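As a plain string of letters, each chain reads:
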Amino acid sequence: MPFSRSFLSEEHLLCSICLEVFDNPVSTPCGHSFCMSCIGHYWDTAKHCQCPLCKQTFKRKPDLHINRTLREITEQFKCMNGNLGACGGAETEKDGITQESTNGALKRGQLPNQLFSEMRKLIRRRSRDTSLACHNEAGAEQTEQTTHADSDDTELPNFARQVSLRRYSMCGAANAVKVPLCPKHHRNLELFCRTDLECICAECEQTDHQTHNITCAEKEWQINKIKISITETETQEMARVRMQKAEEIKQSLVDIKALAQHEAQRCMQLFGALISSLERSQAGLLEVTEINRRSAEHQAELMIRELEQEITELRTKSTELTKLAQTDNYITGLKGYSDANTPVSVKDWSNVSLSCDLGTEGICASVCQLLEQFKEELRKQPVACPSVSAIQSPAKSVKVKRIQEYAVDVTLDSNTAHPRLILSENKKMVWCSESQQHVTNNRGRFDRVVCVLGREGFNSGRHYWEVEVNGKTDWDLGVASHSCNRKGKIKVSPSNGYWFLSLRDKNNYAFRTEPPTVLHLSTKPQKMGLFVDYEKGQVSFYNVDAKMHIHTFMDNFSETIYPFFSPCTNKNSKNEAPLVITPVLS
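Visitor: Can you help me understand the overall build of the chain in this one?
Guide: A tally of helices and strands in the chain yields eleven helices and 22 strands. Buried positions account for 35% of the 586 residues belonging to the chain. For the chain, the proportion of contacts with a sequence separation of at least 24, taken over those separated by at least 6, is 61%.

Visitor: Can you help me understand the pattern of salt bridges in this one?
Guide: Pairing is possible between side chains that carry opposite charge, provided their charged atoms lie close to one another. On inspection of all chains with the given rule, the structure shows 14 salt bridges. With a closest N to O distance of 2.4 Å, Arg293 and Glu290 form a salt bridge. Residue Arg293 and its partner Glu290 are located together in helix H8 (residues 217-325), separated by three residues, close to a single helical turn. What makes Arg293 partly exposed here is its relative accessible area of 40%. Across the salt bridge formed by Lys428 and Asp409, the nearest N and O atoms sit 2.4 Å from each other. Linking Lys428 in the loop between strand E10 (421-423) and strand E11 (429-432) with Asp409 in the loop between helix H11 (400-404) and E10, this pair joins segments that are 19 residues apart in sequence. Look at Lys428 and you get buried, because its relative accessible area is 17%.

Visitor: How do you make sense of the packing of aromatic side chains when you look at a structure like this?
Guide: Pairs of aromatic rings are described using the distance from one ring centre to the other and the angle between the two planes. One pass over the full model with this rule turns up twelve aromatic pairs. Measuring from centroid to centroid gives 5.5 Å for Tyr534 and Phe557, while their planes differ by 40 degrees, and the two rings are tilted. Of this pair, Tyr534 sits in the loop between strand E18 (527-533) and strand E19 (538-543) while Phe557 sits in the loop between strand E20 (548-554) and strand E21 (561-566), and the two are 23 residues apart along the sequence. No difference in accessibility class separates Tyr534 from Phe557, as the two residues are buried. Through pairs of rings, three or more aromatic residues link up here, namely Phe446, Tyr498, Phe500 and Phe564.

Visitor: What is the right way to look at the sheet that holds strand E9 (residues 214-216) in this model?
Guide: To summarise the sheet geometry, strands pair through backbone hydrogen bonds and adopt either a parallel or an antiparallel arrangement. An order of E8-E7-E9 is seen for the three strands of this open sheet, with the pairing classed as antiparallel. Each edge of the open sheet carries a strand with a single partner, namely strand E8 (198-200) and E9. Averaged over all pairs of adjacent strands, the angle between strand axes in this sheet comes to 40 degrees, irrespective of strand direction. Summarising the sheet, strand E7 (residues 191-193) and E8 pair through three bridges and their orientation is antiparallel. From the neighbouring strand, Phe192 faces E8, where its bridge partner is Cys199. H8 contacts E7 and E9 of the sheet and is inclined by roughly 80 degrees relative to E9.

Visitor: Looking at this structure, how should I read the sheet that holds strand E15 (residues 498-504)?
Guide: Taken in spatial order, the six strands line up as E12-E21-E14-E15-E16-E17 in an open sheet, and their pairing is antiparallel. Strand pairing shows two members of the sheet lacking a second neighbour, strand E12 (452-453) and strand E17 (517-519), which therefore form its edges. Strand direction decides the pairing type here: strand E16 (residues 508-511) and E17, joined by three bridges, are antiparallel. When the bridges of E17 are listed, Tyr509 appears paired with Leu519.

Visitor: What should I look at first to understand the pairing of E20 in this one?
Guide: Each regular strand carries side chains that alternate between the two faces of the sheet. In terms of burial, E20 is a largely internal element, five of the seven residues being buried. Sheet analysis places E19 next to E20, joined by six bridges and oriented antiparallel. Bridge pairing links Asn543 to Met548 in E20.

Visitor: Can you help me understand the side chain of His463 in this one?
Guide: Within the element layout of this structure, His463 appears in strand E13 (residues 462-468). Overall, His463 belongs to the buried group, its relative accessible area being 12%. Engagement of the side chain of His463 in a polar contact is seen with the backbone oxygen of Ser460, the distance being 2.6 Å.

Visitor: Honestly, the packing of H8 against helix H9 (residues 330-340) in this entry has me stumped. Any pointers?
Guide: To describe two helices that pack against each other, one gives the angle between their axes and the distance between the axes. At a closest axis distance of 10 Å, the pairing of H8 and H9 adopts a crossing angle of 165 degrees. Classified by the angle their axes make, H8 and H9 are roughly antiparallel. Here the hand of the crossing between H8 and H9 comes out left-handed. Residue-level inspection shows Lys317, Leu321 and Leu324 of H8 in contact with H9, the latter providing Thr332, Gly333, Gly336, Tyr337, Asp339 and Ala340.

So, how was this worked out
Residue numbers here run from 1 along each chain, matching the order of that chain's written sequence. Only residues with pLDDT of at least 70 get local features here, since the model is predicted, and only at 80 or more are side-chain atom pairs given and counted; chain-wide, interface and lining totals rely on the full set of residues. For side-chain calculations, the full set of non-hydrogen atoms in the structure is used, while hydrogens and water are omitted. Helix and strand assignments come from DSSP, with helices taken as H or I runs of at least 4 residues and strands as E runs of at least 2, each series counted from the N terminus. The buried label applies to any residue whose accessible area, calculated with a 1.4 Å probe on protein chains only, is under 20% of its type's maximum; exposed applies above 50%, and partly exposed to all values in between. The contact criterion used throughout is that any non-hydrogen atoms of two residues lie within 4.5 Å. In what follows, salt bridge is the name for a side-chain nitrogen of Lys or Arg lying within 4 Å of a carboxyl oxygen of Asp or Glu. For this analysis, a ring pair means two rings from Phe, Tyr or Trp (six-membered ring only for Trp) whose centres lie within 6.5 Å, classed as stacked if their planes differ by under 30 degrees, edge-to-face if by over 60, and tilted for the remaining angles. Here a strand pair is declared whenever DSSP counts at least two bridges between the two strands. Angles here are taken between N-to-C directions and fall from 0 to 180 degrees, while the axes themselves are lines fitted to C-alpha atoms, restricted in helices to the stretch in contact. Polar contact is the term for a pair of N or O atoms within 3.5 Å; when the atoms are in protein, one must be able to donate a hydrogen and the other to accept it, and sequence-neighboring residues count only if both atoms are side-chain atoms. Angular relationships are summarised with four words: roughly parallel below 35 degrees, roughly antiparallel beyond 145, roughly perpendicular across 65 to 115, and oblique for the angles in between. Should the near helix be turned anticlockwise from the far one by less than a right angle, the crossing is termed left-handed; should it be turned clockwise, right-handed.

Structure below.
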């Protein structure tokens, strides 16, 4: 395809990725062109399928085809760039197109050989001529005369003389780009020094930057633009992830506020009902006590009055007997004695006493029953508030005694233990040895990871047990599902049926999720408490000695789960202490 109306320079046929002339050019749906291998490699290494120039993102990788027209133009340009006379007096045949020129006889669409050569010279010097013309308007005419002198005084048409001041693209002529001038030599800053990181001119390269790493400034900028594009995409992705995390935290805060309001209302109702019942019981108790006190007081007054009456009668009788005893006349004495000898009618008070029963036993019993009902309501509440995944909160003190009521007797299942693990006779202790034991390789035994499951499985209810981890640098504790993989390399995560907490290198605690949830503990636990609520899908970990909640993970259990233990390897006798299942002490 001959160039008849537009003049193209090399920069118009450069791939913006490799900065070389197009090789098998292809065009993206947005209209930009690249080498087929360059755009293919760019999309294979980029996170998103998008245009490197305009950043338009495509939902799927476009099916690209070679732009045959652009390829023909590129091949023609490569041919002219390699042989200036290809379009002159010689004869060249490319893709079935024959060009030949004789003495002044030109075929249709061809340019004279001398004119084409002059056009190439002018195109190569367009930046320098344009800069000089912009720098000194008065010297523009002189520059143009100098250019004509270099062209062997051959007169060119006006449109050819102006080509150095114009820029051409695939769509036609465009305004020339003004290149800044070197303040020292007044020449175009078209080179870039990678050593000093500054733009320089050709004369600066020969004087001050001879031993430096020099490259084309425009090509360097194209390379940096690609790097900027990649960095921009990564920055936008990081910003998007952080915006999503901020929204998660905001939503978690809204949920916490709603939960706090609901909990406050529930507690007010619960404690309000308890206080009202206690106040009613208190009023009834005071009323019954007062009534019984008054009754006892009235009964005591009646008894005292009757006793005082009998005391008066007895004292009168005693006085009469005293006088009779002092009489010397036996006739009078005998007569009076028969009258005084009549017994006084009095009551037997030996078994009479004042009752102290106030009748409050029934009220006290009702109060005790009310308190038991209140305790049962408290037990129905969540054992511990589940932790919010978007917020890293410090461990809070919990009432360990409440969950200790769900203590179960856990023992180790020797049929699942790794061959290097040694179990105690009571199946309450496990540690790792240096060599493997001679055991049968059944389906349920772990053969690569040094761990063991509990014999007791849970498919409902609440369960709690405690494990002593004192003296260990590494361990794993938690629960595992019945169908979890036990052979070969195990990928531990809740999605694979493993829910457990790990310690590594004495101080690194993490819950094994994807990625692991790192936990920062201020107090190193010596004894771990594990609580499982099967219906709620809750697995909680506690520092028993400090009575602190460490972490809670919520999930859905669909099959039987078993306690999980791993003492980890000895690490040159630094981690040889055993894991011990201890009794739960209230």
